[in-house]
Amino acid sequence: MKSNKYKVHGTLRSWLCLLPSFIIIGLIVVFPIVYTGYISLTNMNIYHWFDFTVIGLENYMKALTVFDGGFLQALALTVLWTAVNMLFQLVIAFVMASLLNTPRLRLRRLYKTVLMFPWAMPGYVSILLWKNGMFNSQFGLLNQWLDRLGMEPVQWLAGDTVAFVACLVVNLWLALPFMIMIMDGAMQSIDRSYYESALLDGAGWFRRSISLTIPAIRPIIAPAVIITVFTTFKQFDVIYLLTQQVGAKTGANIHTVLTYAYENAFVTSNYGYSSAISIFIFVLLIVFTMVTNLRKGGRKHAENP
Amino acid sequence: MRKTLERVGLALLNIFFIVICFVVIIPILYAFSVSLNASNSILGSDFSFIPKQFTLNNYRAVFVDQPVLLWLGNTLILAVSSVAVSLFAAIPAAYSLSRFRFAGRTKIVNTMTMLYSFPAILSMFAIYKLLSPMGLINTRLGLVIVYIGTMAVFGVLNLKGYFDSVPAEIEEAAKIDGANAGQTVAWILLPLAKPAVIVTGVMVLIYVWNEYIYAITFMTGADHYTLAAGLYSLQATEMSGSWPVFAAASIVVSLPILVIFFLTQKHMTSGLTAGGVKG
């Protein structure tokens, strides 16, 4: 009897503690998502701001059937964007972290501090500095250098491919410090004596990396890598600020799913269609989350049977 | 022989890192040097990273010609209220999810993990449509509501993850000594979880400081801008003419964040990784 009373009291207390957060999350996070779901079933746009009607799944059909310049193209580009970014990030961060862990590298701390700068700077400021300082076709540093070499200036953000590469470079510049730091931390946790015996066995850097470093750091860096896959997939700032700013588009027609959804809501005012895309992306992200959680759970289970 | 080889290798590695470090900070260095350069030689080809004629005029222009102090005030009001409300709501919720066992607890944590993957930008239009009949568009209150909502799930999950890593035994001991739940949290758990509380607060602060897309979409008129929205407007309207001023403004806006980052960097790793989420 007494324990039961304690339990009821405990449950009540638990929920009371949760209440402020629940009100905030319910009203400002969940309700707008539900409302987005509702808008996605209507024809709401600039002409139908108040007198919109429910049109069923039409917006979803449109999103799934049009490829050129549509949602599917943006989705394909986002997948490519994520894959290329992750490949470069993992390889470059691994090499940099390995080099930083070279024994007797005295200035290691100084190099690390400088390499952290892109992470420490406010992201949007860095992106705008890249846009105005590096890529600007007239006074950007890159074209100044080309000019000095006697070459023609390049419109860095105008063509699709060149703009994609420019966005990739900026995103790597922004994201690598975090990945280097994670890998560096993981490498420092490896017992030095393993390396000594590997060296005695005459294993070179490549051999040591494949058979020792990578297997050792993999479980440690896995959560950070998964998080980075998500943030790269959800990347908005780099592509929007470099190429798609409202009123200052550079001419490159590259969209990730997020910039595409924003464009349809606040530029072309297809509110219903944009909401359908938002719901799509949300469902995709939920599926990703469940798959990664499942795999995590499965691995845990395998490790401790 | 082997020692000389090793020394040469180390020297080469040091040169490599010095070059890399320089290349990495070129965009920042370039903006910094342009902001201090008096001779408007940015269009010429004789540019160097060390300003030929030193000036602070661009910085003066930032503070005198642009309402930067007003934007700073707006940003600080938004940031302080967002951090306060976020922590006030997140600490008890995280404590409850970490320490109490009750029906539905796992479901709540799982639902929050799902919600965390939802990018705030996707429900921006719905929020606009909901806030506009309430007269909250183009007001600070409207933005604070959005910011608190955006960081709410992060705050709870990040703090919960860290609370989980703090052993409950110490709290049990305090309880036996007669402390109630509130006292236990205030005097035992929070001091132990200081890195996570600091990092969570700092992440909310940095988020508000850096958030521009809601600020430019919901706010009209330079009086209402935050620093981020103001900086955005500086580059979008006067592309070529004000690049040195824009560079100076970028440095001014970044400095506080750089200071906060390097002050809290020590806590960043432990305060963030324990929660398993990144802001």
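Just so you know, these numbers come straight off a predicted model, no measurement behind them.

(A) Molecular detail of the overall build of chain B. Scanning chain B for helices and strands turns up 12 helices and 0 strands. The helix and strand sequence of chain B, counted from the amino end, reads α-α-α-α-α-α-α-α-α-α-α-α. Burial analysis of chain B (279 residues in total) assigns 44% to the buried set. When contacts within chain B are restricted to residue pairs at least 6 apart in sequence, those whose partners lie at least 24 apart make up 71%.

(B) The environment of Met114(B), seen in detail. Tracing the sequence through the fold places Met114(B) in helix H4 (residues 105-116). Distance in space between the C-alpha atoms of Met114(B) and Arg101(B) is 21 Å, their sequence separation being 13 residues. Those residues within four positions of Met114(B) in sequence are excluded, and the remaining contacts are Ile286(A) and Thr289(A).

(C) Broad picture of the packing of helix H7 (residues 169-176) of chain B against helix H8 (residues 181-192) of chain B. Residues and elements named next belong to chain B. In contact at an axis separation of 10 Å, H7 and H8 are set at 140° when each is read in the N-to-C sense. In terms of axis orientation, H7 runs oblique to H8. Of the two possible hands of crossing, H7 and H8 adopt the one that is right-handed. Residues Ile170, Glu171, Ala174 and Lys175 of H7 form the contact with H8, whose participating residues are Thr184, Ile188 and Leu189. Class assignment of the residues belonging to the contact of H7 with H8 gives a composition of 4 nonpolar, 1 polar and 2 charged.

(D) Seen up close, the domain arrangement of chain A. All names here are of chain A. The assigned domain composition of chain A is domain 1 (35-69 + 267-305) and domain 2 (71-254). Placing the centre of domain 1 and that of domain 2 at their C-alpha centroids yields a distance of 29 Å. Tallying the contact residues gives 7 residues for domain 1 and 5 residues for domain 2. Residues that form the side of domain 1 that touches domain 2 fall into these classes: 4 nonpolar, 2 polar and 1 charged.

(E) Fine view of the interface of chain A and chain B. With 70 residues of chain A at the contact, the number on the chain B side is 66 residues. Listing elements by their share of the side of chain A that touches chain B, those giving two or more residues are helix H1 (2-39), helix H4 (108-115), helix H5 (117-120), helix H6 (123-135), helix H7 (141-148), helix H10 (205-233), helix H12 (257-266) and helix H13 (271-303) of chain A. Of the residues forming the side of chain A that touches chain B, the biggest block, 17 residues, is contributed by H1(A). Residue composition of the side of chain A that touches chain B, grouped by class: 45 nonpolar, 20 polar and 5 charged.

(F) Layout of the domain arrangement of chain B. Residues and elements named next belong to chain B. According to the domain assignment, chain B contains domain 1 (2-55) and domain 2 (62-273). Computed from C-alpha atoms alone, the centre-to-centre distance between domain 1 and domain 2 is 35 Å. Across the contact, 6 residues belong to domain 1 and 6 residues belong to domain 2. Considering only residue class, the side of domain 1 that touches domain 2 consists of 4 nonpolar, 2 polar and no charged.

(G) Molecular detail of unusual backbone geometry. Even without glycine at this site, Ser269(A) takes up a positive phi of about 60°. Summarising the element assignment, Ser269(A) is placed in the loop between H12 and H13. Judged by the 15 C-beta atoms lying within 10 Å of it, Ser269(A) is partly exposed. Positive phi values are uncommon outside glycine, yet Asn138(B) reaches one of about 65°.

Cut-offs applied
Residues numbered from 1 in each chain as written. Chains lettered and ligands numbered in written order. Predicted model: local features only at pLDDT ≥ 70, side-chain atom pairs only at ≥ 80, totals over all residues. Helix = DSSP H or I, 4+ residues; strand = E, 2+ residues; numbered from the N terminus. Buried ≥ 20, exposed ≤ 12 C-beta atoms within 10 Å, placed from the backbone. Contact = placed C-beta atoms within 7 Å. Axes fitted to C-alpha atoms, helices over the stretch in contact; angles between N-to-C directions. Parallel < 35°, antiparallel > 145°, perpendicular 65-115°, else oblique. Left-handed = near helix turned anticlockwise from the far one by under 90°. Nonpolar A, V, L, I, M, F, W, Y, C, P; charged D, E, K, R; others polar. Domains from an automatic or database assignment.

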